[in-house]
Amino acid sequence: MAATSTLSSAVRLSSVCLRSLCITAPRVTTTTTTLIPTQTLQQRNINTSLPLCIPDKTEGESNTHFRLRTHHDHPLEHEQAQQVIREEQDIGSRFKNSDHKAASKTKTDEEDYVLMHPVYSQEELDSVSITHRDPKGISDWFAYTAVRGLRFGFDTLTGYGRVPFTEELWLQRFCFLETVAGVPGMTAAMLRHLRSLRRMQRDYGWIHTLLEEAENERMHLLTFLKMKEPTMMFRAGVIVTQGVFSNMFFLAYLVSPRFCHRFVGYLEEEAVTTYTKAIKDLDDGKLPKWSNMDAPEIAISYWKLSNDAKMRDLLLAVRADEANHRHVNHALSSIKGDARNPFV
């Protein structure tokens, strides 16, 4: 009994000692944190009502996953990081202050929405001339004949070449032709994009050039629409023509991309002829309303024209674009479909 009593007393004493040690021993797992300054959070557009901290190295442990951060080495306080913050604030203010209306676009805003496109010198604008590539082979002859047939039909319907063309008639012709001209580039780019996905192969730059062409033609249309309000009948004609032409070109490109690019090349030859005729009429005094008309702001921004650019400068720029498309499509038709695009 005496031994049992002694053993029980020893156990109780040990328990008391252990509890005492647990209460008085210093804690070794305390974690310190470095708070990010509230001003920095506001600069980064972070909700400062939320607790945000960065764990530092734990005292008494060898874990170095979290390094100690002091005030002087905070990454957001470096000069490069501060520059990033200033740039983000500038971008945010631009979005906040813009009203996203086409009528209020500034020159800088217009540039933000367009792809890369040629900007011509005055010498290049004046050097554009009417050229023709002679058809070689059945495919070329078929493409050339199709273009000539379409032009004959359109000229007959609009009276082109038979009646004097006024400024209004020229604008109507430009707008309608540009709604058609913007179709091939986008259709061809879409089909080549899908082909690249199906085959899981690169396209070697064709898609980029074709998208540039499509947007360039669309910019022609948007520019001329600043000077003309289309009627309901005009819009209906565009819808019907686009529906027919888009589907026909889609099917034709599936069968023979080479034929389609040659077709567009000959189509652009006719476009250069059309704009050359309009410029000649302007120079001959047959279009008095355009003799001293200022070019629309969208044209000055897109083609980097001078601030005092006139209607003639606009026509020269559009004609140069058509000459560029003429050359590009004839070249694409003359190389293999899986060859590298020579224009990128």
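Parameters at a glance
- Residues numbered from 1 in each chain as written.
- Predicted model: local features only at pLDDT ≥ 70, side-chain atom pairs only at ≥ 80, totals over all residues.
- Heavy atoms only, no water.
- 1 Å grid on protein atoms, 1.4 Å probe; cavity = no way out; pocket = protein on both sides within 12 Å on 5 of 7 lines; lining within 4 Å.
- Points joined across faces, edges and corners; volume = space filled by probe spheres on them.
- Helix = DSSP H or I, 4+ residues; strand = E, 2+ residues; numbered from the N terminus.
- Nonpolar A, V, L, I, M, F, W, Y, C, P; charged D, E, K, R; others polar.
- Expected span 1.5 Å × (residues − 1).
- Buried < 20%, exposed > 50% of the residue type's maximum accessible area, 1.4 Å probe, protein only.
- Core = buried A, V, L, I, M, F, W, Y, C linked by side-chain atoms within 4.5 Å.
- Contact = heavy atoms within 4.5 Å.
- Axes fitted to C-alpha atoms, helices over the stretch in contact; angles between N-to-C directions.
- Left-handed = near helix turned anticlockwise from the far one by under 90°.
- Phe/Tyr/Trp six-rings, centres within 6.5 Å; stacked < 30°, edge-to-face > 60°.
- Lys NZ or Arg CZ within 6 Å of the ring centre and 35° of its normal.
- Salt bridge = Lys/Arg side-chain N within 4 Å of Asp/Glu carboxyl O.
- Patch = residues over 30% accessible without salt bridge, like charges linked within 9 Å, V, L, I, M, F, W, Y side chains within 5 Å.
- Areas by Shrake-Rupley, 256 points an atom, 1.4 Å probe, with all protein chains shown as cover.

Chemist: Explain the layout of surface pockets residue by residue, including any values.
Modeler: Space inside the largest pocket adds up to approximately 1100 Å³. For the largest pocket, the lining is made up of 41 residues, of which F154, F176, L177, V180 and T241 are closest to its centre. Of all the secondary structure elements, the ones that give two or more residues to the lining of the largest pocket are α6 (138-158), α7 (167-199), α9 (232-255) and α10 (257-283). Broken down by element, the residue count for the lining of the largest pocket peaks at ten residues, all from α6. For the lining of the largest pocket, the per-class residue count stands at 26 nonpolar, seven polar and eight charged.

Chemist: Would you mind going over helix α12 (residues 311-333) in detail, with residue names and values included?
Modeler: The end-to-end C-alpha distance of α12 is 33 Å, a good match for the 33 Å that 23 residues give at a rise of 1.5 Å each. For α12, a buried count of 19 out of 23 residues is recorded, marking the element as mostly surrounded by other parts of the structure.

Chemist: For the nonpolar core, give the residues involved together with the corresponding values.
Modeler: One finds W170, F174, F224, W290, W303, L314 and L315 to be the most contacted residues of the largest nonpolar core, which totals 59 residues. For this core, the secondary-structure elements that each account for two or more residues are α6, α7, α8 (206-224), α9, α10, α11 (297-302) and α12. Residues within four places of W303 in sequence aside, it is in contact with P118, V119, Y120, H220, T223, L314, A317, V318 and D321.

Chemist: Go over the packing of α6 against α7 with me, naming the residues and quoting the values.
Modeler: Between α6 and α7, the least distance of the axes is 12 Å, while the angle of their chain directions is 145 degrees. Relative to α7, the crossing made by α6 is right-handed. On α7, the residues touching R151, F154, D155 and T158 of α6 are R173, F176 and L177. Of the residues that constitute the contact of α6 with α7, the class distribution is three nonpolar, one polar and three charged.

Chemist: Let's hear about the packing of aromatic side chains: which residues, and what values?
Modeler: For the structure on display, the rule yields 18 aromatic pairs. Aromatic pair F174 and F224: ring centres 5.0 Å apart, planes at 35 degrees, arrangement tilted. Taken together, the residues F174 in helix α7 and F224 in helix α8 connect sequence positions 50 residues apart. F224 matches F174 in its accessibility class, with the two residues each being buried. Over the face of the ring belonging to Y160 we find R173, whose NZ or CZ atom lies 4.0 Å from the ring centre. The lysine or arginine in question, R192, covers the ring of W206, its NZ or CZ lying 4.0 Å from the ring centre.

Chemist: Before we move on, could you go through the environment of F174 and cite the residues and values that matter?
Modeler: For F174, a relative accessible area of 0% gives the class buried. Placed 50 residues apart in sequence, F174 and F224 show a C-alpha to C-alpha distance of 7.4 Å. Excluding residues within four positions of it along the chain, F174 makes contact with F224, T274, Y275, A278, W290 and L315.

Chemist: How would you sum up the pattern of salt bridges? Please name residues and give values.
Modeler: Two side chains bearing opposite charge may form a pair once their charged atoms approach each other closely. As enumerated under the stated definition, the model contains 15 salt bridges in all. In this structure, a network of salt bridges that share partners links the residues R148, R151, D155, R173 and E270.

Chemist: Requested: an account of a nonpolar patch on the surface, with residues and values cited.
Modeler: Together, M190, L194 and L197 make up a nonpolar patch on the protein surface, roughly 260 Å² of accessible area in all. The residue L197 is located in helix α7 in this model. Residue classification places L197 among the exposed residues on the basis of a relative accessible area of 51%.

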